[in-house]
Amino acid sequence: MANYGKYYIAIRLLLLKQYLEANAGGNRVVKRSELEEHLRKHDIFVEKKTLYADFAALGSVFGMQLEYDPHKKGYRLLNPPFELHDLRVMIDCVQAASFITEEEANTVTTKIKGLAPQRERNALSRYVEVRDRVQRAEDSVLRKVDIIQTALQNERQIRFRYFKYIAKRGNHKEYYKTKNGDEYITIHPWKLVSENHCYFLEHFSDNGSPLDHELLPSRFEIVRMENIEVLGEPREKADMRRHAWAIELANEMMFGKEVPVTIRFRNGCIQDVLKVFGADIPIIPIDDKYFKIVIMSQICPEAFTNLLDIGCYGKVIAPPNAVEEMKRCIRDMANLYEKDEEPYYVLTEKELYELYAEEPELDEEILKQMLPDDADWDEDVEKDGEM
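These numbers come from a predicted model, not from an experiment.

What about the packing of aromatic side chains?
Phase 1 of the analysis: All told, the structure shown has eight aromatic pairs when counted by the stated rule.
Phase 2 of the analysis: Their ring planes at 80° and their centres at 5.0 Å tell us that Phe160 and Phe220 sit as a pair that is edge-to-face. Here the residue Phe160 occupies a position in strand S4 (residues 156–165), and Phe220 occupies one in strand S8 (residues 219–221), the gap between them amounting to 60 residues. Here Phe160 and Phe220 have matching classes, each one buried.
Phase 3 of the analysis: Ring centres 6.1 Å apart and planes at 70° place the aromatic pair Phe163 and Tyr175 in the edge-to-face group. On the criterion of sequence distance, the pair formed by Phe163 in strand S4 and Tyr175 in strand S5 (residues 173–175) is long-range, its members being twelve residues apart.

Next up, the structure:
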């Protein structure tokens, strides 16, 4: 028999609290016999009056709102920590997060399911297929976000390395450098932003910051940040502008201010329009065949290239300079396919074998397609690139 000593009452209340939170709810009741059986498993025996006194203590100390249901002859917990709906939402969010690996998502899901009653945990088996999910633990942003959140909470600067992908054999990463040629970048972090299934870190900047270098971005994608460290120096916010504001001003100076751009669509594609431009975009009917929307956009190639995502069912109709810019973007794209350019498979046989030696995981059929038409794939050549 367990000897709890002077902690006997505290342990009894803790066991009751844990059991009620795990098994009782607004639509779920726990009978007195279940509570007594749970306590007996821990060598604690109570009378009915003792339980009533414990219920009152749980209400006054922990704020637990217990109510007896005379029809089901059990106790409801009117304010449980989580209802099943809450746990389902949490699991759906975790499973749909593309910036964590499937293994991490399943581990967190299992922990969340542990907050539900045993008999209802199977109902929480909800798995979502995420097609752009990161595959490797080192690509996951969770640990990086934890470090950044620590810096934000403690008002500290951070330093890290930041890379971009390049078309280069062997090493596909190239690291950004500051004015002084240092690969480690020091910034004053401002906030984390989740956008288009990606995590970004925005920061403060001033005239003396190395981030004013033209090659450095206005915000950083978390997945491309490496070796993140929290520094002892406090982050400064006074007399500093958000770097995003500076980039917006630079865009305005280069491309002009944003202006209202009117786009006409066929009525049948309204669902796609809402997906691209947001559900809150005002829809303006024109007639039985068409409707139009008005968006704020700069008149520049960078902005109008994005409008090509609307496909052939949308047409820019105003203002006139926006219409001309859209026509020019379409002409430029069409010219790319009209020019007689060299095919992409211009590697020599020797170069191809060298590539296969460096990247053995590449599919053999894909490599064959990269050979010139008059070359043959030699099955007997070793993967080390020797001819």
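Following the structure, the description resumes.
Thoughts on helix H6 (residues 142–153)
Phase 1 of the analysis: Taking 1.5 Å of rise per residue, the twelve residues of H6 would be expected to cover 16 Å, and the 16 Å separating its terminal C-alpha atoms lies within 8% of that figure.
Phase 2 of the analysis: Of all the residues in H6, the buried ones are Lys144, Val145, Ile148, Ala151 and Leu152. When H6 is viewed along its axis, its buried side chains cluster within an angular range of 120° and face the same direction. Along H6, exposed side chains directed more than 90 degrees from the buried face belong to Arg143 and Gln153.
Phase 3 of the analysis: Phi turns positive, to about 55°, at Glu155, one or two residues after H6.

Quick notes on the sheet that holds strand S11 (residues 259–266)
Phase 1 of the analysis: Overall, antiparallel pairing links the four strands, which are arranged S12-S13-S11-S14 in an open sheet. The sheet is open, and its two edges are formed by strand S12 (284–285) and strand S14 (314–318), each paired on a single side.
Phase 2 of the analysis: Of the strands in this sheet, S11 and strand S13 (290–297) touch helix H8 (residues 270–277), which is tilted by about 10° from S13.
Phase 3 of the analysis: Where helix H10 (residues 320–338) meets the sheet, it contacts S11 and S14, and its direction lies at approximately 140° from that of S14.

How each quantity is defined
- Residues numbered from 1 in each chain as written.
- Predicted model: local features only at pLDDT ≥ 70, side-chain atom pairs only at ≥ 80, totals over all residues.
- Heavy atoms only, no water.
- Phe/Tyr/Trp six-rings, centres within 6.5 Å; stacked < 30°, edge-to-face > 60°.
- Helix = DSSP H or I, 4+ residues; strand = E, 2+ residues; numbered from the N terminus.
- Buried < 20%, exposed > 50% of the residue type's maximum accessible area, 1.4 Å probe, protein only.
- Expected span 1.5 Å × (residues − 1).
- Arc of directions from axis to C-beta.
- Pairing = 2+ DSSP bridges.
- Contact = heavy atoms within 4.5 Å.
- Axes fitted to C-alpha atoms, helices over the stretch in contact; angles between N-to-C directions.

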